[in-house]
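Topology and contacts: notes
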Amino acid sequence: MAVLQKIRNRSGLLLLIIGFALLAFVVQDLFTKGLKSQSHEVGSVNGKDIAFEDFRVKVANLEKSGQGGQMTQTQAVNQTWEIEVNKALLVDQFDKAGIRVGEAYKLDAFKKDPNIGSAPMFQTNGKFDLTKFKDFFKNNPDQAKMFEEREKDMVLNGQYQIYNTMVKAGMYTTKAEGKFKYALEQDKVNFDYVGVMYSSVKDSEVKVTDEDITAYMKKHEKRFKAEETREIEFVLVEDKPSTKDQEEVKEKLVALLNSRVEYNKTTGTNDTLPGFKDASNLAEFVGQNSDLPYDTTYVSKQQLPTEAADALFNLPTGEIYGPYINNKHYCLSKMIGRKANDKVKASHILISWEGIDRVQKKEKRTKEEAKAKAESLLAQAKANPSSFMMLALTNSDDSSAQQGGDLGYFGPGQMVKPFNDFAFNNPVGTIGLVESEFGYHIINVTDKQDAVRLATIAHKIQPSESTTNEAYTKATQFEMDAAAKDFAAIAKKANLKVESVRAKAMDEAVGAAGNQRQIVKWAYTDDTNVGDIKRFEVVNVGHVIARLKKINPKGLTNIEDARPSVEGLIKNEKKAQIILAKMKGGSLASIAAANKVTVQNSAAVAIDSPMLPNVGMEPKVVGTAIGTGVNKVSAPIEGISGVYVVQTKSVTKAPKIAKYDDYITKLKQQAIQNTGRVIPTLKNAADIEDNRLEFY
């Protein structure tokens, strides 16, 4: 009691001491980590900052809306970063080019946006009313702020369309280039040659060293640029249910089948509780005894668990099937009912018309023209039903065109009403035409299936407390042992598999452990050194014990990564030197004899398609043959597959033609594809500072 009294008397002093200790901890942490975390910019592009607060909001919005809620924060961060960097690079180009978007463009864009142009609140006599539109935002400042962001994106899109058109316009092709393309395709050469293949020299005769690979990469530096990476090796100690755990879950589930007697503490009597077999209120029974909620929907056979589908679908009403495993649950299912033809499978061809903005149309057409085309396609489909897939592929305005119009199975109410009514009210094999808000649909009803309704009680198969404790003990023991001994040897002794990953700063995937951003971030922390080991507890996975194996600095690609693509090329270069020493002689016959090969002939070959029979593409060889005087023997040529010497027999020049339009068109099409290289080119030339690691 005396000790407690002293503590009470000195509580103020104790609080002061604790306060100083906490302050010291914070200060120490600040000095340890430096002032990086105080930065307000997530990065910069050519000196223009990307503010973190703005970036954070965009990441959160993308994470919520992206990929059906399956997008991770890291994926959202990386995608937002790409968007912001690309936007900054393009805006800089827009400013330099003086590209502006006027009010007329904005107005047109507003009208085309179905959420704005078709909104009743912005219309007068069925037409978009700009005054109403402006007045709405004057009276709703919160909505106006949100709209400002949409307007910015709209302006940027308009500027990009102008910029892209300018870039495409710059990708012109001259008549001289068309004429040259014509010559490359039509000038033909006939020549004899001697070829000594690289394969004639054994691989054992040449050696490729690390120095050779490094020298090759330096020579072709642009191809072998690499970001900094960290090599992490790890073992996974899974916290998964044991066989005993599974059996216990199964036994508890099976025990629910029949009625049971339980003592009621409130009444002091034994109550008989109904089992799954004889429960009068299945919804209540499932709600009280299942880890998954009661499902009232009817499902097709395709929607049932694959291994149990046949048994479940054919189950008589009132009968029970199980226990069976489905998605890490032991399950018991009882047949409640069946509906005939509840699921329909259909294909369709959508023909839309101008004014329906929600559909990306393949061609412009009026409603009357759309109807005429739809009726024509209907007649063709009815006359030859097997052609429906091809008709959809070549004519449909719907994205399902790529699948031949196939929409798969769907239930009542999933399609717009006219489509729904036709599909469910007509037998399989019926082809017909309906109109909806999306356009005209030529529909082919391809299958119908019954659907069943099941009551299912499910118990999750999860590790028991003792199993989880065993995994924890094993993981912590491994962490302690590996800190002082060989990582791989300790893993082998513990019967654990060592995996390795090479991660960039903003990666999150860690092999079998899945997306584990915290592990990658630990590897990039300033106070993590090569050889350091750390254990991570991963929910629903177990324990990951990771070791930072190696740091690969920014610069050239890692030698081992480059080896597969480079080693063969370097070997051929070395083999070429061996072969060149033997490619001596005044004639092809003497060179062939010295190398124990025969003289070959290649006739009517063009530079644009430089194929040698039984060899493959050899553009250097064909180009040399065309450029070498007739009957002259060339110097040795290091080709793709070997070393060659050629003797030109004849060159046939292509006849002159009046126009080279076809060849100019070919080159234009190739040039237009180069517009896709604008962003990568701008990135390579830009000064980009990336601080994402400090925030995520």
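Before going into details, it helps to say that this report is about the structure given with it. This structure is a prediction, so every number in the text was calculated from the model and none was measured. (Residues numbered from 1 in each chain as written. Predicted model: local features only at pLDDT ≥ 70, side-chain atom pairs only at ≥ 80, totals over all residues. Heavy atoms only, no water.)

**Examining the sheet that holds strand S2 (residues 48-51)**
The sheet built from three strands is open, its strands ordered S2-S1-S24 with antiparallel pairing. Among the strands making up the open sheet, the edge pair consists of S2 and strand S24 (688-690). Neighbouring strand axes in the sheet, compared pairwise and without regard to direction, differ in orientation by 20 degrees on average. Pairing analysis gives four bridges linking strand S1 (residues 41-45) to S2, with the strands arranged antiparallel. Bridge pairing in S2 links Val45 to Lys48. With respect to the sheet, helix H4 (residues 73-97) is in contact with S1, S2 and S24, its orientation differing from that of S1 by roughly 40 degrees. (Pairing = 2+ DSSP bridges. Helix = DSSP H or I, 4+ residues; strand = E, 2+ residues; numbered from the N terminus. Axes fitted to C-alpha atoms, helices over the stretch in contact; angles between N-to-C directions. Contact = heavy atoms within 4.5 Å.)

**Focus on the layout of surface pockets**
It is the rolling of a water-molecule-sized probe over the atoms that shows where space remains empty. A volume near 740 Å³ is recorded for the second largest pocket. Taken together, 22 residues make up the lining of the second largest pocket; nearest its centre are Lys58, Glu84, Lys87, Glu149 and Asp153. Those elements that provide at least two residues to the lining of the second largest pocket are S2, helix H3 (52-65), H4 and helix H8 (141-170). It is H4 that provides the largest number of residues to the lining of the second largest pocket, a total of seven residues. (1 Å grid on protein atoms, 1.4 Å probe; cavity = no way out; pocket = protein on both sides within 12 Å on 5 of 7 lines; lining within 4 Å. Points joined across faces, edges and corners; volume = space filled by probe spheres on them.)

**A few points about the nonpolar core**
Counting 25 residues, the largest nonpolar core has Phe55, Tyr163 and Tyr696 as the members making the most contacts within it. Of all elements in the fold, only S1, H3, H4, H8 and helix H24 (678-685) reach the threshold of two or more residues within this core. The element that contributes the greatest number of residues to this core is H4, accounting for seven residues. Apart from residues lying up to four places away in sequence, Tyr163 is in contact with Leu90, Gln93, Phe94, Ile99, Val678 and Leu682. (Core = buried A, V, L, I, M, F, W, Y, C linked by side-chain atoms within 4.5 Å. Buried < 20%, exposed > 50% of the residue type's maximum accessible area, 1.4 Å probe, protein only.)

**As for a nonpolar patch on the surface**
Taken together, the side chains of Met611, Met617 and Ile640 present a nonpolar region at the surface, about 290 Å² in accessible area. With respect to the secondary-structure elements, Met617 resides in strand S21 (residues 616-617). (Patch = residues over 30% accessible without salt bridge, like charges linked within 9 Å, V, L, I, M, F, W, Y side chains within 5 Å. Areas by Shrake-Rupley, 256 points an atom, 1.4 Å probe, with all protein chains shown as cover. Salt bridge = Lys/Arg side-chain N within 4 Å of Asp/Glu carboxyl O.)

**Here's the deal with the packing of H4 against H24**
Following both chains from N to C, one finds H4 and H24 inclined at 90 degrees, their axes separated by 10 Å at the closest point. When the axes of H4 and H24 are compared, the pair comes out roughly perpendicular. Contacts between H4 and H24 involve Glu82, Val85, Asn86, Leu89, Leu90 and Gln93 on the former and, on the latter, Ile679, Leu682 and Lys683. Among the residues making up the contact of H4 with H24, the classes are represented as five nonpolar, two polar and two charged. (Parallel < 35°, antiparallel > 145°, perpendicular 65-115°, else oblique. Nonpolar A, V, L, I, M, F, W, Y, C, P; charged D, E, K, R; others polar.)

**Comments concerning the sheet that holds strand S19 (residues 600-605)**
Whether parallel or antiparallel, the strands of a sheet pair through hydrogen bonds between backbone atoms. Reading across the sheet, the four strands line up as S19-S5-S23-S22 and stay open at both edges, with antiparallel pairing between neighbours. Each end of this open sheet is capped by a strand with a single partner; those strands are S19 and strand S22 (637-638). Here S22 runs beside strand S23 (residues 642-652); their pairing, made up of two bridges, is antiparallel. Counted as the bridge partner of Ile637 is Tyr644 from S23.

**A short note on the pairing of S23**
As paired elements, strand S5 (residues 188-197) and S23 share ten bridges and run antiparallel to each other. The residue bridging Val194 from the neighbouring strand is Val645, located in S23. Counted between consecutive antiparallel strands, the loop separating S22 from S23 contains three residues.

**Things to note about the pattern of salt bridges**
Between side chains of opposite charge, pairing is possible as soon as their charged atoms come close. Tallying each qualifying case throughout the model produces 33 salt bridges. One salt bridge connects Asp203 with Lys575, and the closest N-O pair in it is separated by 2.6 Å. Of this pair, Asp203 sits in the loop between S5 and helix H10 (210-219) while Lys575 is found in helix H20 (residues 559-580), placing the two residues 372 residues apart along the sequence. On the basis of relative accessible area, Asp203 is assigned to the partly exposed category, the value being 43%. One salt bridge in this structure joins Glu227 and Lys504, with 3.9 Å as the shortest N-O distance. In this pair, Glu227 is assigned in the loop between strand S6 (225-226) and strand S7 (229-238) and Lys504 in the loop between strand S15 (499-503) and helix H19 (517-523), connecting sequence segments 277 residues apart. Three or more residues are tied together by salt bridges with common partners; here these are Asp54, Lys58, Glu84 and Lys87.

**Observations regarding helix H14 (residues 367-383)**
Spanning 17 residues, H14 covers 24 Å between terminal C-alpha atoms, matching the ideal 24 Å at 1.5 Å per step. Of all the residues in H14, the buried ones are Ala370, Ala374, Leu377, Leu378 and Ala381. For H14, the angular spread of the buried residues around the axis is 110 degrees, confining them to a single face. The exposed set on the far side of H14, more than 90 degrees from its buried face, consists of Glu368 and Ala383. Structurally, H14 contributes buried residues whose contacts are with strand S11 (329-351), helix H15 (388-395), strand S13 (431-436) and strand S14 (439-460). (Expected span 1.5 Å × (residues − 1). Arc of directions from axis to C-beta.)

**A few points about the packing of aromatic side chains**
Overall, the coordinates contain 18 aromatic pairs when judged by the stated rule. Site record: aromatic cluster; members linked through ring pairs are Phe52, Phe55, Trp81, Phe695 and Tyr696. Residue placement shows Lys334 over the ring face of Phe276; its charged tip is 6.0 Å from the ring centre. Over the ring of Phe313 we find Arg338, and its NZ or CZ is 5.1 Å from the ring centre. (Phe/Tyr/Trp six-rings, centres within 6.5 Å; stacked < 30°, edge-to-face > 60°. Lys NZ or Arg CZ within 6 Å of the ring centre and 35° of its normal.)

**Structural notes on the side chain of Asp239**
Checked against the element boundaries, Asp239 lands in the loop between S7 and helix H11 (243-254). The contact partners of Asp239, leaving out residues within four places of it in the chain, are Pro463, Thr467, Thr468, Ala471, Val541 and Gly542.

**Brief notes about the pairing of S14**
The element S14 is extensively covered by neighbouring structure, given that 17 of its 22 residues are classed as buried. Alignment of S11 against S14, held across 19 bridges, turns out to be antiparallel. When the sheet's bridge partners are listed, Lys345 is paired in S14 with Asp447. Taken together, the six bridges between S13 and S14 define a ladder with antiparallel strand orientation. Bridged to Ile431 within S14 is Asn444. If you look at the hairpin formed by S13 and S14, you'll find two residues sitting between the two strands.

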